[in-house]
Amino acid sequence: MKWLECILIIAGISFDMLASMEVQGAMLQEIKKKKLLGVTSLVVLLQCIFFIGGYLGSYLLSKVTPLKDANQVGYFISAVIFLLLGLRLLVKAIRREFVDECRKEITVKQYVRIIAVSSIYTIFAGIGCQMLGANLLYMVIIIIAFSFLDVFAGIYGGYHFGFEAKTKWYAVGTIILWFTGVEIIVRNLMTIM
């Protein structure tokens, strides 16, 4: 698996969290740096746990049910996962959910709920990356970097500029995930031929 694919996969799924954090940042009365650092640490921890859970779950399943041409099946399933994750982001972009913007204090519990929903993407990314043969340690490092970036950029961007860019973030995530899914399919079709 190419290192660029790894980065694109995590970048694609991270745009959902970036958009969610942007909405939350737009509603803050003020940014409390200690709380932001705590929330960021929690986000990083949860993202790593969910990714590792998906990765190890897929690994254990592959050991229990070995298939003929497991690599080809894994590549196909991972490509479908990334295409569907991109579709989900596109639906979120088109739907343009109404957000009642009001300045308020957001609790850590509310952040955890947002992260838990976004982590569904991370579980599936873990499954897909394992099927592609990605290095777990390398992927965790990428997730840590993107999670820090998403939370800080989302909160500060939303706080200063509002949440109007969230639709664009969903669209960019869709494009990245679709590109990665199509690239996986094309690359593997080329190896078969």
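Residues numbered from 1 in each chain as written. Predicted model: local features only at pLDDT ≥ 70, side-chain atom pairs only at ≥ 80, totals over all residues. Heavy atoms only, no water.

> I tried to follow the nonpolar core on my own but got confused; where do I start?
Soluble globular proteins tend to pack their nonpolar side chains together in the buried interior. Ile10, Phe51, Phe82 and Met139 are the most contacted members of the largest nonpolar core, which has 28 residues in total. Among the secondary structure elements, those contributing two or more residues to this core are α1 (3-26), α2 (33-64), α3 (70-95), α4 (108-132), α5 (136-161) and α6 (166-192). Counting residues per element, this core draws most heavily on α3, which supplies 7 residues. Ignoring any residue separated from it by four or fewer positions in sequence, one finds isoleucine 10 in contact with Phe51, Met139, Ile142, Ile143 and Phe146. Met21, Leu28, Leu46 and Val151 belong to the second largest nonpolar core, which has 12 residues in total. (Core = buried A, V, L, I, M, F, W, Y, C linked by side-chain atoms within 4.5 Å. Buried < 20%, exposed > 50% of the residue type's maximum accessible area, 1.4 Å probe, protein only. Helix = DSSP H or I, 4+ residues; strand = E, 2+ residues; numbered from the N terminus. Contact = heavy atoms within 4.5 Å.)

> Which parts of the structure should I look at to understand the packing of aromatic side chains?
Geometrically, a pair of aromatic rings is defined through the distance of the ring centres and the angle of the planes. Taken as a whole, this structure holds 2 aromatic pairs when the rule is applied. Where phenylalanine 15 meets tryptophan 169, the ring centres are 5.7 Å apart and the plane angle is 25 degrees; that geometry is what we call stacked. Placement of phenylalanine 15 in helix α1 and of tryptophan 169 in helix α6 is noted, with a sequence separation of 154 residues between them. (Phe/Tyr/Trp six-rings, centres within 6.5 Å; stacked < 30°, edge-to-face > 60°.)

> I would appreciate a short explanation of α5 in the present structure.
Because the α-helix completes a turn every 3.6 residues, residues three or four places apart line up on one side. When the terminal C-alpha atoms of α5 are compared, their 36 Å separation across 26 residues agrees well with the 38 Å that a helix rising 1.5 Å per residue should span. Within α5 the residues assigned to the buried category are Met139, Val140, Ile142, Ile143, Ser147, Asp150, Val151, Gly154, Ile155, Gly157 and Gly158. The backbone nitrogen of leucine 137 lies 2.9 Å from a side-chain oxygen of the residue at the head of α5, namely asparagine 135. Taken from the residues just after α5, glycine 162 is the one with a positive phi, measuring 85 degrees. (Expected span 1.5 Å × (residues − 1). Polar contact = N/O pair within 3.5 Å; in protein donor to acceptor, adjacent residues only side chain to side chain.)

> Sorry if this is basic, but what is going on with the pattern of salt bridges here?
Side chains that differ in sign of charge can pair as their charged atoms come close. Following the criterion strictly, the structure yields 3 salt bridges and no others. Between arginine 187 and glutamate 5 there is a salt bridge; the shortest N-O distance is 2.7 Å. Here the residue arginine 187 occupies a position in helix α6, and glutamate 5 occupies one in helix α1, the gap between them amounting to 182 residues. Two residues, glutamate 183 and arginine 187, come together in a salt bridge whose shortest N-O distance is 3.4 Å. Remark: arginine 187 and glutamate 183 occur in helix α6; sequence separation between them is 4 residues, near one turn of the helix. Arginine 187 sits in the partly exposed class, given a relative accessible area of 23%. Counted as one network, the salt bridges with shared partners bring together Glu5, Glu183 and Arg187. (Salt bridge = Lys/Arg side-chain N within 4 Å of Asp/Glu carboxyl O.)

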